[in-house]
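Chain by chain, the residues:
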Amino acid sequence: MAAILWKNKKLAMTLGKDDFKKKFAGSYLGIIWAFVQPIITILVYWFIFEVIGKSGETMQIPFVLYLVVGIVPWFFFSDSLATGTLCLIEYAFLVKKVVFQIEILPLVKIISAMFVHLFFIAFSIILLMFYGIYPGPEAIQVVYYVACTLIFVLALLYTTSAITVFFRDFFQIISIFVLQVGVWLTPIMWDAEARLAGSPTIIKILKLNPMYYIVSGFRDALLYKKWVWEKPFWTLYFWGVTLVLFLIGVTIFRKLRVHFADVL
C-alpha cells in the first residue's frame, strides 16, 4: 500500500488541490468559507469556556492559546475523517475505472484538508507571538505531529471508507460517536491533567485515545516547549496502535475492493 501511495503521490496532490477548490465552487466567497467555520467554532468555544465558564482562571497561559493550539489538529483530523469516509462514494466514477488506483482516494481527502490545516498552524504561531510566546526549536516537532495525524487518519479511512460503501449509515456513526463525542474525550476544551489530578486511572484511559497524543504534542511543541522523547512509552503506544489500525484498514479495503464497483 505504501508503494502505491508513493508512486501516485503527484496524482494524489493534484486531485487534492482540485478537491479543495471544488468544495466551494459556485459560492460567492469561495475558499474563504473553509476558514470561516473553524474560526467561528473557536470563538464560540472561547466565549463559552473562558468568558462564561472561566476555564482559564487556573491556567498559567491564556485559555485562548490552549484552546487554539489544541483544536487545530482536531480540525484537520475531523475534516479528513468526515470527508474521507465518503471518498469512494463521491469518486464513484473513478472507483469504476479498472486502471485507477483507488487506494489514493483517502489520501486525496487528507491533502484537501491539509491546506486549511497549514493556514491554522500559521495562525496559531502568529497568535502565540501576539501574546508574547515565541516558538523555540521545539516548534519543529509540529511537522512530526502533522505526519502523525496524517498517517493515523489514513489508517482509519481505509476501514471507514470501505465499510461506508456497503453500509451508508456508518458515516453517521463516525460523525456522532467518533467526532462529536471524541472532541470532548480528547480533551481539547479542558485540561485533563489539572481537572483529573486526583484520578490518574481516568487520565490513563483518556490517553488511550491516539488523538490525545497528537493534541498534547502540539501543545508541547508550541506552548510547553517539551520534546517528543520526553514521553517515549506514549509515543510507542501511539505508533503501535496506528500500525495495527493501518494493517486492519488495508486488509479490509483490499478484501472489499472487488465489490466496490458493483455496489456503487
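Look up a bit, the structure's there.
One structure accompanies this document, and this report is about it. Just so it is clear, the structure is predicted and the values come from calculations on it, not from any experiment.

1. Focus: the overall build of the protein chain
Looking only at helices and strands, the protein chain has 14 helices and zero strands in total. In the protein chain, the succession of helices and strands from N to C terminus is α-α-α-α-α-α-α-α-α-α-α-α-α-α. Computed over its C-alpha atoms, the radius of gyration of the protein chain comes to 19 Å, within 12% of the 18 Å expected for a compact globule of 264 residues. Counting over 264 residues, the protein chain shows a buried share of 51%. In the form shown here, the protein chain has an accessible surface area of approximately 13,400 Å², with 71% of it arising from carbon and sulfur atoms. Between the centroid of the 22 positive side chains of the protein chain and the centroid of its 14 negative side chains there is a distance of 8 Å.

2. Description of unusual backbone geometry
Cis rather than trans, the peptide bond between T186 and P187 has omega equal to -20°. With respect to the helices and strands, the residue P187 is situated in the loop between helix 10 (182–185) and helix 11 (192–195). Backbone geometry places K225, a non-glycine residue, at a positive phi of 55°. Mapped onto the fold, K225 is located in the loop between helix 13 (210–224) and helix 14 (232–263). Classification of K225 by relative accessible area gives partly exposed; the value is 30%.

3. Some thoughts on the side chain of R219
With respect to the secondary-structure elements, R219 resides in helix 13. The buried charged residue R219 lacks any salt bridge, with D191 as its nearest oppositely charged partner at 6.6 Å. In contact with R219, not counting residues within four places along its chain, are Y66, V69, G70, P187, I188 and Y224.

4. Structural notes on the packing of helix 8 (residues 141–166) against helix 14
Relative to each other, helix 8 and helix 14 sit at 30°, their axes nearing to 7 Å. Judged by the sense of rotation from one axis to the other, the crossing of helix 8 with helix 14 is left-handed. Taken together, the residues of the contact of helix 8 with helix 14 sort by class into 22 nonpolar, six polar and no charged.

5. Digging into the nonpolar core
Formed by 90 residues in total, the largest nonpolar core has its most connected members in F77 and L105. Among the elements that line this core, the one with the most residues is helix 4 (residues 63–85), at 15 residues. In this structure, F77 is in contact with T149, F152, V153, L156, V178, L179 and M211, ignoring residues within four places of it in sequence.

Calculation criteria
- Residues take numbers from 1 onward in each chain, read along the sequence in its written order.
- Side-chain atom pairs in this predicted model are given and counted only at pLDDT of 80 or more, local residue features only at pLDDT of at least 70, and totals for whole chains, interfaces and linings cover all residues.
- In computing side-chain values, all of the structure's heavy atoms are included and hydrogens and water are not.
- Runs of E in the DSSP output that reach at least two residues are strands. Runs of H or I that reach at least four are helices, and both are numbered from the N terminus.
- To get the radius of gyration, use the C-alpha atoms; to get the globule rule, take the number of residues to the power 0.38 and multiply by 2.2 Å.
- Residue exposure (1.4 Å probe, protein chains only): buried if accessible area is under 20% of the type maximum, exposed if over 50%, otherwise partly exposed.
- Throughout, the Shrake-Rupley method with a 1.4 Å probe supplies accessible areas, and for residues the shown protein chains are the sole cover considered.
- Note that His is not counted, nor are the chain ends; the positive residues are Lys and Arg, and the negative ones are Asp and Glu.
- Where a charge sits is defined by one atom per residue type, namely NZ (Lys), CZ (Arg), CG (Asp) or CD (Glu).
- Salt bridge, as used here: a side-chain nitrogen of Lys or Arg that lies within 4 Å of a carboxyl oxygen of Asp or Glu.
- Working rule for contacts: check all heavy atoms of both residues, and any pair within 4.5 Å makes them a contact.
- Interaxial angle, 0 to 180 degrees, is taken between N-to-C directions of lines fitted to C-alpha atoms, where a helix line uses only the stretch in contact.
- By the definition used in this description, the sense in which the near helix is turned from the far one sets the handedness, with an anticlockwise turn below a right angle giving left-handed and a clockwise turn giving right-handed.
- Under the scheme applied, nonpolar residues are Ala, Val, Leu, Ile, Met, Phe, Trp, Tyr, Cys and Pro; charged residues are Asp, Glu, Lys and Arg; polar residues are all the others, including Gly.
- Nonpolar cores are built from buried Ala, Val, Leu, Ile, Met, Phe, Trp, Tyr and Cys residues. Side-chain atoms within 4.5 Å join them into one set.

Scope: geometric values only; no functional claims are made or implied.
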